[in-house]
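Below, each chain spelled out in residue letters.
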Amino acid sequence: MPPSSTKNRVNQGALAGLRVLDVTQVMAGPFCTMLLADFGADVVKIEPPAGDSTRTMPGASGHDSPSFNAVNRGKRSVVLDLKSAAGRAALQRLARTADVFVENYRPGVVAALGLDFASLHAVNPRLVYASISGYGQTGPDAHKGGFDLVAQGVSGIMSITGEPGGPPVKAGIPVTDLGAGLFALVGILAALEHRHRTGAGQHIDTSLVEAGVALSVWEATEYFAGLGIPAALGSAHRMFAPYQAIRCADGYITLGTANDRLFRRLCDLLNHPEWTTDPLFADNLTRVRNHDRLAARIEAVAGEHPRRHWLELFAANDIPCGPINNYAQVFADDHINAREIVVDIDHPVLGAMKTLGSALKMSGTPTNPRRRAPMLGEHTEAVLLEAGFTAGEVAALHEGGAIGGLSSGRRE
């Protein structure tokens, strides 16, 4: 795909003119490549004949579901049967002119298909190739599959989530899936800058387990410092106190007083200035060690009034605090709506839909999260023709079952 002019790049997004081959499914890989599409890259999603498995998740209509749309907006869909030699050859041909290739197969699978980094680098030395897996491309567990629940357990996240002494609890969001996707995105952007300087592509290798470990910044610090094995603290913070959910008369709020100045102000507002000189709470270190006792004292006072009272009082005195919203409340929040984190799209099968927008606001090259996800194989013919395949070659691939989706303007 020819590079865009500087003017077009500004209008179309920071990555306009870049072609991404997205050979991923489910969550981590599709999330990564969706963000590349938000930045303006032409992301071509390569799907098997049955489509990405998220296409049939709850709420689906045929091969289209809200779940699929949630992590595949702005892409184009090409159906290739990679079990066939012709399908693999077609993908290899597409890779010759691509800028980025992203896959999330188990290690070894793409090599068996002739689609590994070494094979594609040989025909396209500029290719930035990213692999996302459960455990990484090397190591004794590399052969294992990647699942967020398992990765949260292996990486330690489940050991520090939940209430003290309670059963293991996973983080509510698929944090290792999303984390691996974000780490892959950062690697891709760094590799593209390196290629800009040197002309050389490279292989990026990241995993769900490593994402979970890498995000455990405070926990690793506590352990490396010889402070013991980190344990679950509920909503409390292991480095600051009071910094947790606090029960009021009608429910919980969050309260974050992470330094002595804020703690003194909090104590004055609670009419207990003497807490600041109590040896149990005299500085942050002692407050962390006695966070449960401190929380109990705060809740004894907070329980005298409803949440609204404390939220208004604390906000008026610049004490970090907030409500604990359910998702109905999240999406009714004036600030969140003002930031356009929710966008409306129109889908030809699913109709009018709401979906999450971009968390990035860029002044010169704004992201574009308003494009819908593609229907299965919607762009097969167009992408192949753009890549130099003749109409006859496309027809032959279709007749041989190597490709699927649109053919001669009609959908299968």
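What counts, and where the lines are drawn
- Residues numbered from 1 in each chain as written.
- Predicted model: local features only at pLDDT ≥ 70, side-chain atom pairs only at ≥ 80, totals over all residues.
- Heavy atoms only, no water.
- Buried < 20%, exposed > 50% of the residue type's maximum accessible area, 1.4 Å probe, protein only.
- Helix = DSSP H or I, 4+ residues; strand = E, 2+ residues; numbered from the N terminus.
- Arc of directions from axis to C-beta.
- Pairing = 2+ DSSP bridges.
- Axes fitted to C-alpha atoms, helices over the stretch in contact; angles between N-to-C directions.
- Contact = heavy atoms within 4.5 Å.
- Polar contact = N/O pair within 3.5 Å; in protein donor to acceptor, adjacent residues only side chain to side chain.
- 1 Å grid on protein atoms, 1.4 Å probe; cavity = no way out; pocket = protein on both sides within 12 Å on 5 of 7 lines; lining within 4 Å.
- Points joined across faces, edges and corners; volume = space filled by probe spheres on them.
- Nonpolar A, V, L, I, M, F, W, Y, C, P; charged D, E, K, R; others polar.
- Core = buried A, V, L, I, M, F, W, Y, C linked by side-chain atoms within 4.5 Å.
- Patch = residues over 30% accessible without salt bridge, like charges linked within 9 Å, V, L, I, M, F, W, Y side chains within 5 Å.
- Areas by Shrake-Rupley, 256 points an atom, 1.4 Å probe, with all protein chains shown as cover.
- Salt bridge = Lys/Arg side-chain N within 4 Å of Asp/Glu carboxyl O.
- Disulfide = S-S within 2.5 Å.

Listed as buried for helix α4 (residues 85–95) are Gly87, Ala90, Leu91, Leu94 and Ala95. Each buried residue of α4 sits inside an arc of 140° when the element is viewed along its axis, so together they form one side.

To continue, consider the sheet that holds strand β9 (residues 321–323). If you trace the 3 strands from one edge of the open sheet to the other, you get β7-β8-β9, paired in antiparallel fashion. The sheet is open, and its two edges are formed by β7 (243–248) and β9, each paired on a single side. Taking the axes of each pair of neighbouring strands and ignoring which way they run, one obtains an average angle of 30° across the sheet. In this structure, β7 lies alongside strand β8 (residues 251–256), joined through 6 bridges in antiparallel fashion. The residue of β8 that forms the bridge with Tyr243 is Gly256. Across the sheet, helix α13 (residues 291–302) is in contact with β7 and β8; its angle to β7 comes to roughly 35°.

Time to look at the side chain of Arg238. Relative to the helices and strands, Arg238 is located in the loop between α10 (217–224) and β7. Looking at Arg238, the relative accessible area reads 11%, which means it is buried. A polar atom in the side chain of Arg238 sits 2.9 Å from the side chain of Glu219. There is a polar contact of 3.0 Å between the side chain of Arg238 and the backbone oxygen of Ala231. Among all residues touching Arg238, those that are not within four sequence positions of it are Ile160, Trp218, Glu219, Glu222, Pro230, Ala231, Leu233 and Val288.

All right, on to the layout of surface pockets then. A volume near 1000 Å³ is recorded for the largest pocket. Lining the largest pocket are 31 residues, and of these Phe31, Met34, Ala70, Leu178 and Leu356 sit closest to its centre. Listing elements by their share of the lining of the largest pocket, those giving two or more residues are α2 (28–38), α3 (66–70), α8 (175–198) and β11 (351–356). Class assignment of the residues belonging to the lining of the largest pocket gives a composition of 22 nonpolar, 6 polar and 3 charged. In this structure, the second largest pocket spans a volume of roughly 720 Å³. Mapped by element, the contributors of at least two residues to the lining of the second largest pocket are β2 (42–47) and β5 (128–133). Broken down by class, the residue content of the lining of the second largest pocket amounts to 17 nonpolar, 7 polar and 7 charged.

This paragraph deals with the nonpolar core. Counting 32 residues, the largest nonpolar core has Leu36, Ile132 and Ile188 as the members making the most contacts within it. Where this core is concerned, the elements lending two or more residues are α2, β4 (100–103), β5, α8 and α9 (208–214). Filtering out sequence-adjacent residues up to four positions away, Ile132 remains in contact with Ala28, Gly29, Cys32, Val102, Glu103, Asn104, Tyr105, Ala180, Gly181, Ala184, Thr206 and Leu208. Core analysis: the next-biggest nonpolar cluster, separate from the first, contains 27 residues, Ala90, Leu113, Leu384 and Leu397 among them.

Where β7 folds back onto β8 in an antiparallel hairpin, the turn is made up of 2 residues. Bridge count between β8 and β9: 3 bridges; the pairing is antiparallel. Across the sheet, residue Leu255 finds its bridge partner in β9, namely Cys321.

Okay, the sheet that holds β2 next. Pairing between the strands of a sheet is mediated by backbone hydrogen bonds and can be parallel or antiparallel. Here 7 strands make up an open sheet; going across it, the order is β6-β5-β4-β1-β2-β3-β12 and the pairing mixed. Every interior strand has two partners, whereas the edge strands, β6 (203–207) and β12 (403–404), have only one. In this structure, strand β3 (residues 76–80) lies alongside β12, joined through 2 bridges in antiparallel fashion. Each bridged residue has a counterpart across the sheet, and for Leu80 the counterpart in β12 is Ile403.

Let us now look at unusual backbone geometry. Residue Pro242 is bonded to the preceding Ala241 through a cis peptide linkage, with omega at -5°. Here Asp318, not a glycine, exhibits a phi torsion of approximately 60°, which is positive. Within the fold, Asp318 resides in the loop between α14 (307–316) and β9. For Asp318, a relative accessible area of 57% gives the class exposed.

Together, Phe147, Leu149, Val150 and Val154 make up a nonpolar patch on the protein surface, roughly 380 Å² of accessible area in all. Within the fold, Val154 resides in helix α7 (residues 148–154).

Looking now at the state of the cysteines. Across all of its chains, the model carries 0 disulfides by this definition. Of all cysteine sulfurs in the structure, the one in Cys321 sits closest to Cys248, which takes part in no disulfide; the separation is 9.4 Å. Exposure remark for Cys248: the relative accessible area of 4% places this residue in the buried category.

Our next topic: the pattern of salt bridges. Per the counting criterion, the structure on display carries 21 salt bridges. A salt bridge links Glu222 to Arg238; its shortest N-O distance comes to 2.9 Å. Here Glu222, found in helix α10, pairs with Arg238, found in the loop between α10 and β7; they are 16 residues apart in sequence, far enough to count as distant. It is possible to trace a salt-bridge network through shared partners that takes in Arg19, Asp42, Arg76 and Glu386.

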